[in-house]
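Okay, here's what each chain looks like letter by letter:
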Amino acid sequence: MLNKLIKHTTRSFKRQRSYIIINIMGLSIGIACSLLISLFVLNEASYDQYNIKKDRIYRVVLDGKIGGQEIAAASTAAIVGPTMYREFPEVEDFLRMTGHGPTVIEYDGQTYTEEGWVDADSSFFNFFSIPVIKGDPSEMLSSPRRIVLSESTARKIFGDADPIDKALKMGSDTTKYIVSGVMADIPAKSHFNANLISSFMTNRRSNDPIWTNNSFSTYLLLKPNSSSADVDNKIPDLLVKYVGPEIQHFMGITLDDFLAQGNRYRYYLQKLTDIHLDPSIQQEFKEAADPKYLWIFSSIAILIVLIAAVNFMNLSTAQASRRAKEVGIKKVAGSTRGMLITQFISESLILSFASLIIAVIIIELSIPYFNNLLGTSLALSLLSNWYTIPVLLLFTIVVGALSGSYPALYLSSFNPYEVLKGSVKNSMQNGRLRRVLVVFQFSVSILLIIGTMIMYRQIKYMLNKDVGFNKEQLIVINRAGALGTKVKSFKEAVMNIPGVINIASSTAVPGRNNNNNGYMLEGKKDETLLLQTNWVDYDYLDTYGMTLVSGRFFSEDHTTDQEACLINESAVRNFGISEPELARFMKPSDNGGIRYLHTIGVVKNFNFESLRNPIQPYIFCLKTDDILWGYLTVRISAQNYSETISDIEILWKEFTANNPLQYYFVDEDFERMYSQEKQNAQMAVIFSILAIFIAALGLFGLTSFTVEQRTKEIGVRKAMGSTVSGIYMVIAREIVILVAVSALIAWPLIYYIAAKWLENFYYRADAGILTYFAGFAIALGIALTTISYRILRAARVNPASSLKYE
């Protein structure tokens with residue numbers, strides 16, 4: 001029985017060689033695309049899975065609304081973790097973490113620049129399953145000025161020498177840190193990166209008792225069988241107990257009155273494994289991935305496989321007339337319908353398994369390119385997990401069964417009497433189902449084309465939009481604190497370098513905001529207003545090319561500017577300030593009093609963060625000499641800018657005892673804000689092209705078969721005087737109609753999908769009606785290009801030869 005089935009299948013393959021090649025190509029590319037997308041989706045969804053206690057670890061999230069401004073951040077006060085540990089019996093342990101920026105490490109006369117310096121409590125290794133190579137996990141972070149290095153960092157600094165008890169100078173800190181341990185490198189699929197972990201108690205704010213000073217990430221390890229919901233339910237009473245008195249002290253109103261004004265202030269627990277896929281929360285460490293994209297690409301994977309399966313169905317049913325006699329003869333010879341279905345499904349499964357092998361080869365060849373494109377480390381490890389090969393085989397069987405089921409049922413249903421009489425062949429000429437399947441394929445293709453065009457249009461809009469300042473030819477120097485009290489002298493020296501136009505000092509720069517502080521407005525003392533705060537010097541406005549709407553900027557001619565401020569247009573509008581020059585902002589001072597800041601000007605709105613978000617209220621305060629941390633921004637000329645930067649670097653090393661210069665270009669930094677969108681758009685382009693290619697393959701095969709079926713008709717038309725172009729139009733007209741119908745189906749679908757996607761951006765580009773027509777035109781052009789060669793070749797054949805056909 002099996003030998004007979006193999007024999008029939010082999011003969012069938014020989015008769016359909018060209019269509020088999022097209023089917024295998026389509027299925028191979030479809031399976032490869034779907035597997036690549038699946039690898040990407042699974043990679044993004046598997047962050048923090050390495051932790052043994054992952055199901056019991058939760059992060060505390062601040063959810064608030066103050067002065068009309070929403071807050072969702074992984075930021076808590078230093079006191080939150082210890083208090084929850086003390087008062088909630090469900091909590092087994094707590095961990096606080098906070099990150100530093102790029103840091104210069106000095107050891108034995110050598111300097112090293114490292115990313116990923118984190119302060120953490122001694123409980124770090126009780127939370128995260130990171131192997132310890134050297135040191136005692138319970139003691140490594142239990143004393144001030146202790147630091148643990150990752151294996152790669154230890155090797156970079158010490159080579160093969162033992163780093164334990166060696167002293168490191170960290171940044172501008174004059175007191176050295178002692179190496180107390182070495183740990184394995186943090187896995188790439190973790191929501192944070194840490195190459196150096198220092199003891200949290202070293203942080204000067206580690207014992208800050210103020211509940212409203214939210215600056216740290218806090219994690220809780222719950223006891224086995226404890227519920228996070230139980231902890232969430234207890235948090236409101238905790239806030240009444242501890243936050244209520246602070247609201248009363250700083251604002252003069254009760255917590256109930258504060259909440260009655262429409263404000264909100266609460267904490268809740270977020271599961272560790274949910275962190276990476278929640279972009280709604282402001283992250284301290286790695287940027288979260290947007291799960292919408294995972295859904296989008298998962299859908300694309302399914303659609304691409306369906307397009308490949310539709311190709312198989314189309315070509316198989318199109319050849320039904322060719323195989324009808326085979327079916328009729330087999331039925332007359334005694335084959336049952338079940339036997340025929342088994343044969344046709346077997347053919348489909350063999351093609352599917354052949355396609356899987358080719359797909360795996362395609363993935364192995366293309367995966368380095370995708371890793372480079374996405375900045376990730378995808379890998380198809382067939383033997384790393386026991387379930388990988390069974391899942392691939394099951395997937396292939398599903399694809400093969402899906403592709404071959406309808407053709408098998410359709411072909412096996414032929415009546416042998418009707419087949420041998422020839423009536424079946426004539427009844428299949430209309431091909432209604434094939435038209436429906438072609439419409440499906442091109443609807444998906446047009447949807448992907450238009451969707452990709454809209455994505456690129458939005459990215460181009462964000463990169464080219466006027467952000468309210470001139471971001472070209474601006475470099476930002478990190479770690480201004482390395483200069484200590486020599487910032488002013490350094491600025492004067494830099495201004496003498498040819499090519500330097502201006503230089504400014506500040507605690508924040510656009511794209512790198514670090515202080516969202518609460519203020520009160522005189523006359524509205526019972527309201528708290530949130531403003532992004534930036535302490536700047538006198539040259540900041542000119543360096544960035546920002547515009548004043550009214551008033552003036554800080555000036556050395558006005559000694560009272562130490563108690564002055566400027567605000568942006570959003571602050572004026574959001575807070576209902578009718579006369580900005582008369583407004584005074586109030587802020588609690590360190591000595592318990594109130595500091596008043598009178599407004600001297602209004603700055604035109606500028607985008608200080610991603611265009612996904614609206615411009616929030618912003619306040620500029622004058623940077624005093626005792627504020628040493630922050631950034632330096634230098635505007636340089638476009639001519640010989642590399643030489644200018646080299647001269648700045650020489651000066652920097654002179655002023656900082658040979659510390660390396662760390663800088664970046666502002667325009668490039670703004671582009672990095674949209675790196676996820678750019679990567680996803682590139683992926684969409686690639687998979688859209690492949691989807692269209694698969695659809696075009698099927699259309700080419702279908703057209704080839706149609707032309708074969710209509711060879712005699714073409715000969716008759718030519719004999720009757722039809723031109724080549726006339727014959728072309730007769731056959732191509734149906735394709736034009738099908739693509740037009742596809743566009744009518746795709747347009748409303750992509751309009752809805754694009755509208756939902758664009759909701760992620762406060763500033764968004766108008767897709768425009770031309771984009772939709774362009775998608776239709778591209779699909780139609782591809783379709784006509786695909787079929788033209790086959791139609792024109794048949795139309796040019798001598799009619800005498802065509803009339804002899806069949």
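Residues numbered from 1 in each chain as written. Predicted model: local features only at pLDDT ≥ 70, side-chain atom pairs only at ≥ 80, totals over all residues. Heavy atoms only, no water.

(A) Main features of unusual backbone geometry. Of note in this structure, Arg145 is not a glycine but carries a positive phi near 60 degrees. Positive phi outside glycine occurs at Asn640, with the angle close to 55 degrees. Here Asn640 is to be found in the loop between strand S23 (631-636) and helix H18 (641-655). (Helix = DSSP H or I, 4+ residues; strand = E, 2+ residues; numbered from the N terminus.)

(B) View of the pattern of salt bridges. Overall, the coordinates contain 22 salt bridges when judged by the stated rule. In this structure, Glu114 engages Lys156 in a salt bridge whose closest nitrogen and oxygen atoms are separated by 2.8 Å. With Glu114 in strand S5 (residues 110-114) and Lys156 in helix H5 (residues 151-158), this pair connects stretches of sequence that are 42 residues apart. In this structure, the salt-bridge partner of Arg584 is Glu522, at a minimum N-O distance of 2.9 Å. In this pair, Arg584 is assigned in strand S20 (residues 584-588) and Glu522 in the loop between strand S16 (516-521) and strand S17 (524-536), connecting sequence segments 62 residues apart. (Salt bridge = Lys/Arg side-chain N within 4 Å of Asp/Glu carboxyl O.)

(C) View of the confidence of the model for the chain. Taken residue by residue, the chain gives an average pLDDT of 82. The fraction at 70 or more is 85%. Here residues 425-430 is a poorly scored stretch, pLDDT under 50, and it has 10 contacts once near neighbours within four places are set aside; other chains count. (pLDDT = per-residue confidence, 0-100. Contact = heavy atoms within 4.5 Å.)

(D) Focus on the side chain of His276. Assignment of secondary structure puts His276 in the loop between strand S13 (264-271) and helix H8 (291-318). The exposure class assigned to His276 is buried, which follows from its relative accessible area of 6%. Setting aside residues no more than four positions away along its own chain, His276 makes contact with Glu44, Tyr47, Glu287, Ala288 and Ala289. (Buried < 20%, exposed > 50% of the residue type's maximum accessible area, 1.4 Å probe, protein only.)

(E) Representation of the nonpolar core within the structure. If you look at the biggest cluster of nonpolar residues, it comprises 112 residues, and the most contacted ones within it are Met546, Phe554, Phe620, Phe687 and Val739. Among all residues touching Phe554, those that are not within four sequence positions of it are Val536, Tyr538, Asp561, Ala564, Cys565, Leu566, Ile600, Phe620, Cys621 and Leu622. Counting 31 residues, the second largest nonpolar core, distinct from the first, contains Ala73, Val91, Phe258 and Met520. (Core = buried A, V, L, I, M, F, W, Y, C linked by side-chain atoms within 4.5 Å.)

(F) Just the packing of helix H15 (residues 487-495) against H18, in detail. One can describe the packing of H15 onto H18 by two numbers: an axis separation of 10 Å at closest approach and a directional angle of 155 degrees. In terms of orientation, H15 lies roughly antiparallel with respect to H18. In this structure, H15 crosses over H18, and the sense of that crossing is right-handed. Across the interface between the two elements, Ser489, Phe490, Ala493 and Val494 of H15 pack against Ile648, Leu651, Trp652 and Phe655 of H18. (Axes fitted to C-alpha atoms, helices over the stretch in contact; angles between N-to-C directions. Parallel < 35°, antiparallel > 145°, perpendicular 65-115°, else oblique. Left-handed = near helix turned anticlockwise from the far one by under 90°.)

(G) Here's a closer look at the packing of aromatic side chains. Following the criterion strictly, the structure yields 35 aromatic pairs and no others. The interplanar angle of 50 degrees and the centroid separation of 5.2 Å between the aromatic rings of Phe124 and Phe128 together place this pair among those described as tilted. An identical accessibility class is assigned to Phe124 and Phe128; each is buried. Ring geometry for Tyr641 and Phe665: centres 6.1 Å apart, planes at 85 degrees, overall edge-to-face. Here the residue Tyr641 occupies a position in helix H18, and Phe665 occupies one in strand S24 (residues 663-665), the gap between them amounting to 24 residues. Assessed through its relative accessible area of 42%, Tyr641 is described here as partly exposed. Given a relative accessible area of 16%, Phe665 falls into the buried group. (Phe/Tyr/Trp six-rings, centres within 6.5 Å; stacked < 30°, edge-to-face > 60°.)

(H) View of the packing of helix H3 (residues 80-87) against helix H6 (residues 228-251). In the contact formed by H3 and H6, the axes pass within 12 Å of each other and the chain directions differ by 120 degrees. With respect to H6, the element H3 is oriented oblique. You can see that H3 and H6 cross each other, and the crossing is right-handed. Taking contact as the criterion, the partners of Thr83, Met84, Arg86 and Glu87 in H3 are, on H6, Ile235, Leu238, Lys241 and Tyr242.

(I) A look at the environment of Asp93. On the secondary structure map, Asp93 appears in strand S3 (residues 91-99). Owing to a relative accessible area of 17%, Asp93 belongs among the buried residues under this scheme. As a C-alpha pair, Asp93 and Lys223 span 130 residues in sequence and 8.4 Å in three-dimensional space. In contact with Asp93, not counting residues within four places along its chain, are Tyr85, Ser123, Asn126, Phe127, Tyr219, Leu220 and Leu221.

(J) Spotlight on the side chain of Asn502. You can see Asn502 is positioned in strand S15 (residues 500-506). We classify Asn502 as buried; its relative accessible area is 16%. The residues touching Asn502, leaving out its near neighbours within four places in the chain, are Met495, Asp539, Asp542, Thr543, Thr633, Val634 and Arg635.

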